[in-house]
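# Summary of the model geometry
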Amino acid sequence: MINVLIVEDDPMVAKFNKQYLEEIDGFHLVGIANSFDSAMEYIKTTAIDLILLDIYMAGKNGLELLKDIRDNELQNIDVILITAATDVDSIQTALRNGAVDYIIKPFEFERFHHSLATYKGKFHLLNKQGALNQDVLDSEIFHQREKRVSLLPKGLSKSTLQVIFNAMEELKGEAFSTDEVAEKSNISRVSVRKYLKFLNDIGVLGERMTYGPVGRPTYLYTYKESNKSAISKFL
């Protein structure tokens, strides 16, 4: 498991980051800190692999925390910034101090999930291998090779994809759920979910997670019409 510390002074944002993190396998939340000082207490007493770090905090800010971690070699901690700061100076400072990603608020679950999933892949690769060759570095660490999908995944059919795509086009312009596509296409929810995942993987759909009144997560999708060409070869 990857031990994660959330550093965020807004309780509601911290709660959502915690809920998002719990949706992704392989991560263990060790705590939530709301200030520079409380974060340092965790760092000094708890084994941490990754910090999800906001910049804006009362007192010393997140960039100062990141710099302290690097200057004082406080554990081998990776940092992903999750912040509303969009100025180039903040971004450059974060990257120059070794931030592995920079997520700008507000963000969708899709972006959060991509960041954590990418980090998890790199983390396990670098912690399980004694050496890496150039091909692995390029494809898995620096992502210099684009992963292309040329065939439908096993279990998916062209005819069913067309039906689901037609249903999606009727729903374009608004966020929609798996249930809505299932109802409109007369295809089971389980099957629809597989096709929506595929369409999300090739960039035709955007995905985000919302929480209902009782805290139950629901995935909503948006049709990225500008990426329509990505599906044409499968229909």
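Reference entry: report on the structure contained in this document. No experiment lies behind these values; they were computed from the predicted model shown. (Residues numbered from 1 in each chain as written. Predicted model: local features only at pLDDT ≥ 70, side-chain atom pairs only at ≥ 80, totals over all residues. Heavy atoms only, no water.)

## As for the sheet that holds strand S4 (residues 78-83)
The line we're drawing: Between any two strands, at least two bridges found by DSSP are needed for them to pair. We count a stretch as a helix when DSSP gives it H or I for four or more residues in a row; a strand needs E for two or more, and each element gets its number in order from the N terminus. Only the stretch in contact is used when a helix axis is fitted, and all axes are lines through C-alpha atoms; the angle between N-to-C directions ranges over 0 to 180 degrees. Residue contacts follow a heavy-atom distance rule, with two residues in contact if any of their heavy atoms lie within 4.5 Å.
The five strands are arranged S2-S1-S3-S4-S5 in an open sheet whose pairing can be described as parallel. Strands at the two margins of the open sheet, each flanked by one partner only, are strand S2 (27-33) and strand S5 (101-104). Strand-to-strand twist of the sheet, defined as the mean angle between neighbouring strand axes without regard to direction, takes the value 20°. With four bridges connecting them, strand S3 (residues 50-53) and S4 associate as parallel partners. Bridged to leucine 53 within S4 is leucine 81. Each of strand S1 (2-7), S2, S3, S4 and S5 is contacted by helix H5 (residues 109-128), which is oriented at about 170° to S5, the strand it contacts most.

## Observations regarding helix H8 (residues 178-185)
For clarity, the threshold we go by: Think of it in three bands: residues with accessible area under 20% of the maximum for their type are buried, residues over 50% are exposed, and the middle band is partly exposed, with areas taken using a 1.4 Å probe on protein chains only. Relevant arc is that of directions from the helix axis to the C-beta atoms, nothing else.
Of the positions making up H8, those classed as buried are Thr178, Val181, Ala182 and Ser185. Angularly, the buried residues of H8 cover 100° about the axis, an arc narrow enough to put them on a single face.

## Some points on the layout of surface pockets
Left-over empty space is what a probe sized like a water molecule reveals as it rolls over the atoms. Rules: Throughout, the protein atoms alone are placed on a 1 Å grid, and a set of points is a cavity if a 1.4 Å probe fits but cannot get out or a pocket if it is open with protein on both sides within 12 Å along at least five of seven lines; lining residues have an atom within 4 Å of a point. Grid points are joined across faces, edges and corners, and a volume is the space filled by probe spheres set on the points. Each residue is assigned to one of three groups, with Ala, Val, Leu, Ile, Met, Phe, Trp, Tyr, Cys and Pro labelled nonpolar, Asp, Glu, Lys and Arg labelled charged, and all others, Gly among them, labelled polar.
Approximately 650 Å³ is the volume found for the largest pocket. Forming the boundary of the largest pocket are 20 residues, of which Glu110, His113, His114, Asn200 and Asp201 lie nearest the centre. Elements supplying a minimum of two residues to the lining of the largest pocket: H5 and helix H9 (189-201). Taken together, the residues that form the lining of the largest pocket break down as four nonpolar, six polar and 10 charged.

## Some points on the environment of glutamate 169
Rule in force here: Identification of polar contacts relies on pairs of N or O atoms within 3.5 Å, with a donor-acceptor requirement for protein atoms, meaning one able to donate a hydrogen and the other able to accept it, and with residues adjacent in sequence counted only if both atoms are side-chain atoms.
Tracing the backbone shows glutamate 169 in helix H7 (residues 158-171). In this structure glutamate 169 comes out as partly exposed when scored by relative accessible area, which is 22%. When the C-alpha positions of glutamate 169 and valine 7 are compared, they lie 40 Å apart, and in sequence the two are 162 residues distant. In this view, glutamate 169 contacts Tyr223 and Lys228; residues no more than four positions away in its chain are not counted. Of note is the side chain of glutamate 169, whose polar atom sits 3.3 Å from the side chain of tyrosine 223.

## Focus on the packing of helix H2 (residues 36-45) against helix H3 (residues 62-71)
Keep this limit in mind: Orientation labels follow simple angle bins: below 35 degrees gives roughly parallel, above 145 gives roughly antiparallel, 65 to 115 gives roughly perpendicular, and whatever is left gives oblique. By convention the crossing between two helices is left-handed if the near helix lies anticlockwise of the far one by an angle smaller than a right angle, and right-handed if it lies clockwise.
The interhelical angle for the contact between H2 and H3, taken along N-to-C directions, is 30°, at an axis separation of 10 Å. Between H2 and H3, the crossing angle belongs to the class labelled roughly parallel. Like other packed secondary-structure pairs, H2 and H3 cross with a definite hand, here right-handed. Contacts from Phe36, Ala39, Met40 and Ile43 in H2 reach Glu64, Leu65, Asp68 and Ile69 in H3. Among the residues making up the contact of H2 with H3, the classes are represented as six nonpolar, no polar and two charged.

## Re the pattern of salt bridges
Keep this limit in mind: Every case where a carboxyl oxygen of Asp or Glu lies within 4 Å of a side-chain nitrogen of Lys or Arg is listed as a salt bridge.
All told, the structure shown has 10 salt bridges when counted by the stated rule. Two residues, lysine 18 and glutamate 22, come together in a salt bridge whose shortest N-O distance is 2.7 Å. Separated by four residues within a single helix, lysine 18 and glutamate 22 lie in helix H1 (residues 11-22), roughly one turn from each other. Its relative accessible area of 30% is what places lysine 18 among the partly exposed residues. Here glutamate 22 falls in the exposed class, since its relative accessible area comes to 52%. It is possible to trace a salt-bridge network through shared partners that takes in Glu8, Asp54 and Lys105.

## Re the environment of isoleucine 55
Along the chain, isoleucine 55 falls in the loop between S3 and H3. Not counting residues within four places of it along the chain, the set of residues in contact with isoleucine 55 comprises Asn61, Gly62, Leu63, Leu81, Thr83, Ala85, Ser90 and Tyr102.

## Digging into the nonpolar core
Operational definition: Definition of nonpolar core: a set of buried residues of the types Ala, Val, Leu, Ile, Met, Phe, Trp, Tyr and Cys, connected through side-chain atoms within 4.5 Å.
Grouped together as the largest cluster of nonpolar side chains are 24 residues, with contacts concentrated most on Val7, Ile43, Ile51, Leu53, Leu65 and Leu81. When residues of this core are traced back to their parent elements, those giving at least two are S1, H2, S3, H3 and S4. Excluding residues that lie within four positions of it along the chain, valine 7 makes contacts with Ala33, Ser35, Ala39, Ile51, Leu52, Leu53, Asp54, Met57 and Leu65. Listed in part, the 23 residues of the second largest apolar core include Ile164, Val192, Tyr195 and Val204.

Nothing here speaks to function; it is geometry throughout.
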